[in-house]
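What the coordinates show
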Amino acid sequence: MERLLVLWDSTAISAFTWGQAAMMAVGALLLYLAISKKFEPLLLLPIGFGAILANIPQAGFNEPGGLLYYVYYVGIETGVFPLLIFMGVGAMTDFGPLLANPRTLLLGAAAQFGIFATLLGAIALNFIPGFNFSLADASAIAIIGGADGPTAIFLASRLSPDLLGAIAVAAYSYMALVPIIQPPIMKLFTTEAERKIQMEQLRPIARREKILFPLAVLLLTLLFLPTATPLVGMFCLGNLMREAGVVERLSKTAQNELINIVTIFLGLAVGSKLSAEEFLSVQTLGILVLGAVAFAVGTASGVLMAKVLAKFSKTPINPLIGAAGVSAVPMAARVVNKVGLEANPQNFLLMHAMGPNVAGVLGSAVAAGILLALVG
């Protein structure tokens, strides 16, 4: 009988809690969204699977010596995974549309207003019983508004590791929902006539400009905001490898094999933070609400800035491109193009939207550097 009891105690069933079952259901939901709905599948699938592994009783995945423990320590706690992801994203990024229309930098900057609005919102939640966000917590939550998963993970791992799981899930979930969240906001702040505006063709960009641009960005970051250089530096390295034309193998590796391998382990590491004891709290609900507000504010501020630019521009500017200032690359730009085509079948805005889109990537990294300098 004693042996049967020992055998029973060694099973997961005997140790299951309702919290663990709930978090495994959350993991299953993320798998469903990734597989069935195709919402950010490259990350939601490993995150969801990691969440299931992290909540299996007595498996020890999250304990010292367990797989998820070491994956998290090596990749997230050290900050290596987000930096490698940024290098890969840089290798896939074409700065041509931004260089052809430098004014779109302002749209990328304006969309980051969602970050600072969310910072104030997180602090304001402390007046509600049950919430207790420190300034570091609020700063880590605010970066969700940048719509940049690696940046959110990087900053959260530095400022608020205990909230990393909730912040990462909110960031990637809302990035996946960009096609649903953004169009109503874009239409709310623009008229049908504005959405029909066709923009002039962008000028061609010389190879020398594309090579010098990442070097110039890195130099400015080093001089004025060194705390942002880990993210911006790796992004610029990846982009320089792409544009230099002399390290094609390295560029392709960064764009494909390397970023794919890191994405798998990054997702598992984030999923490891979705254990019941860390995730199931009223503060998690607050983070999810703030994430939705951040995306809405970032989209609206980008569109409004584009309307301001259009007032003073000699060439036509479609305000919709401001929505691409959130750095969900390239999904936000595709959403802009889709909404533009709905208003005018001849209105192709994809390349115009890519300018503020890549500017948003730089903007979110700069915002993370500012928060890290002020709070870290």
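Please refer to the structure higher up on the page.
Going along each chain's sequence as written, the residues are numbered from 1 onward. Note on the predicted model: pLDDT of at least 70 is required for a residue's local features to be given, and 80 or more for side-chain atom pairs to be given and counted; whole-chain, interface and lining totals, by contrast, use all residues. Side-chain calculation: all heavy atoms of the structure are included, whereas hydrogens and water are not.

Time to look at the overall build of the chain. Scanning the chain from N- to C-terminus turns up 21 helices and zero strands. Radius of gyration (C-alpha) of the chain: 22 Å, near the 21 Å computed for a compact globule of 376 residues. Its C-alpha atoms put the chain at 85 × 45 × 40 Å along the principal axes. Using a 1.4 Å probe on the protein chains alone, a residue whose accessible area is under 20% of its type maximum counts as buried, one over 50% counts as exposed, and one in between counts as partly exposed. Of all 376 residues assigned to the chain, the portion counted as buried reaches 54%. Within the chain, contacts between residues separated by at least 24 positions form 78% of all contacts whose residues are at least 6 apart in sequence. With the model as given, the accessible surface of the chain reaches about 17000 Å², and the carbon-plus-sulfur share is 69%. Averaging the locations of the 21 positively and 19 negatively charged side chains of the chain gives two centres separated by 14 Å. Counting from the N terminus, the helices are DSSP H or I runs at least four residues long and the strands are E runs at least two residues long. With C-alpha atoms as the basis for the radius of gyration, the globule rule is written as 2.2 Å multiplied by the number of residues raised to the power 0.38. Contacts are residue-level and defined by heavy atoms, with any inter-residue pair within 4.5 Å sufficient. In these tables, accessible area is a Shrake-Rupley quantity obtained with a 1.4 Å probe, and a residue counts as shielded only by the protein chains included in the view. We count Lys and Arg on the positive side and Asp and Glu on the negative side, and we leave His and both chain ends out. For this purpose, a charge sits on NZ of Lys, CZ of Arg, CG of Asp or CD of Glu.

Okay, the pattern of salt bridges next. Between side chains of opposite charge, a pair can form when the charged atoms approach closely. Here a salt bridge means any side-chain nitrogen of Lys or Arg lying within 4 Å of a carboxyl oxygen belonging to Asp or Glu. Taken as a whole and assessed by the stated rule, the structure comprises eight salt bridges. Lys307 is paired through a salt bridge with Glu194; the nearest N and O atoms lie 3.4 Å apart. In this pair, Lys307 sits in helix H19 (residues 282-312) while Glu194 sits in helix H14 (residues 192-195), placing the two residues 113 residues apart along the sequence. One salt bridge in this structure joins Glu248 and Lys252, with 3.1 Å as the shortest N-O distance. With Glu248 and Lys252 both in helix H17 (residues 248-271) and four residues apart, the pair spans about one turn of that helix. With relative accessibility at 45%, the residue Lys252 sits in the partly exposed group.

Next up on the list: the environment of Phe295. As for its position among the elements, Phe295 is in helix H19. Since its relative accessible area comes to 1%, Phe295 is described here as buried. Measuring from C-alpha to C-alpha, the distance between Phe295 and Ala122 comes to 14 Å, with 173 residues separating the pair along the chain. Apart from the residues lying within four places of it in its own chain, the contact partners of Phe295 are Ile144, Ala147, Ala171, Tyr174, Met175, Val178 and Ile181.

On to helix H6 (residues 80-92). Between the first and last residue of a helix there are one fewer steps than residues, each counted as 1.5 Å, and that sum is the expected span. In this model, H6 (13 residues) spans 19 Å end to end at C-alpha, consistent with the 18 Å of a helix rising 1.5 Å per residue. All of the buried residues in H6 are Phe81, Pro82, Leu83, Ile85, Phe86, Met87, Gly88, Gly90 and Ala91. Along its buried surface, H6 packs onto helix H5 (67-77), helix H11 (149-159), helix H16 (229-244), H17 and helix H21 (350-375).

On to unusual backbone geometry. The omega torsion across Val329 and Pro330 is -10 degrees, close enough to zero to call that bond cis. By the secondary structure assignment, Pro330 is in the loop between H19 and helix H20 (331-343). Although it is not a glycine, Lys38 adopts a positive phi angle of roughly 60 degrees. By secondary structure assignment, the location of Lys38 is in the loop between helix H3 (18-35) and helix H4 (41-54). Positive phi, close to 40 degrees, is recorded for Glu40, a residue that is not glycine. The topology assignment puts Glu40 in the loop between H3 and H4. On the accessibility criterion, Glu40 (19% relative accessible area) is buried.

Here, patches come from residues exposed beyond 30% relative accessible area and free of salt bridges, joined within 9 Å for like charges and within 5 Å for nonpolar side chains (Val, Leu, Ile, Met, Phe, Trp, Tyr). Together, Phe116, Val366, Ile370 and Leu374 give the surface a local cluster of nonpolar side chains, amounting to about 330 Å² of exposed area. Here the nonpolar patch gets three residues from one element, more than from any other, and that element is H21. Inspection of the secondary structure puts Leu374 in helix H21.

A few words now on the layout of surface pockets. Sizing a probe to match a water molecule and rolling it over the atoms shows the empty space that remains. What the largest pocket holds in volume is close to 770 Å³. Points on a 1 Å grid over protein atoms alone make up a cavity when a 1.4 Å probe fits among them but cannot get out, and a pocket when they form an open set with protein on both sides within 12 Å along at least five of seven lines; lining residues each have an atom within 4 Å of a point. Forming the boundary of the largest pocket are 31 residues, of which Glu40, Val89, Met92, Val329 and Pro330 lie nearest the centre. Where the lining of the largest pocket is concerned, the elements lending two or more residues are H4, H6, H11, helix H12 (164-176), H17, H20 and H21. Grid points are joined across faces, edges and corners, and a volume is the space filled by probe spheres set on the points.

A few words on the packing of aromatic side chains. Aromatic rings considered in pairs are described by the distance between their centres and by the relative angle of their planes. We call Phe, Tyr and Trp rings a pair once their centres come within 6.5 Å, taking the six-membered ring for Trp, and we label the pair stacked below 30 degrees between planes, edge-to-face above 60, and tilted otherwise. Summed over all chains, the structure comprises six aromatic pairs. Ring geometry for Phe95 against Phe235: centres 5.7 Å apart, planes inclined by 75 degrees, an arrangement best described as edge-to-face. Note that Phe95 is positioned in the loop between H6 and helix H7 (96-100) and Phe235 in helix H16, a separation of 140 residues in sequence. In this structure, Phe95 and Phe235 share a single accessibility class: buried. Taking 5.9 Å as the distance between ring centres and 45 degrees as the angle between the ring planes, the aromatic pair formed by Phe131 and Phe133 counts as tilted. There is no split in this pair, since Phe131 and Phe133 are both buried. Linked through ring pairs, Phe86, Phe95, Phe213 and Phe235 together constitute an aromatic cluster. Its end group placed over the ring of Tyr72, Lys273 keeps NZ or CZ at 4.7 Å from the ring centre. Two conditions define a charge located above a ring, namely a distance within 6 Å from the ring centre to NZ of Lys or CZ of Arg, and an angle within 35 degrees of the ring normal.

So far we have only geometry, and geometry alone does not tell us how the molecule works.
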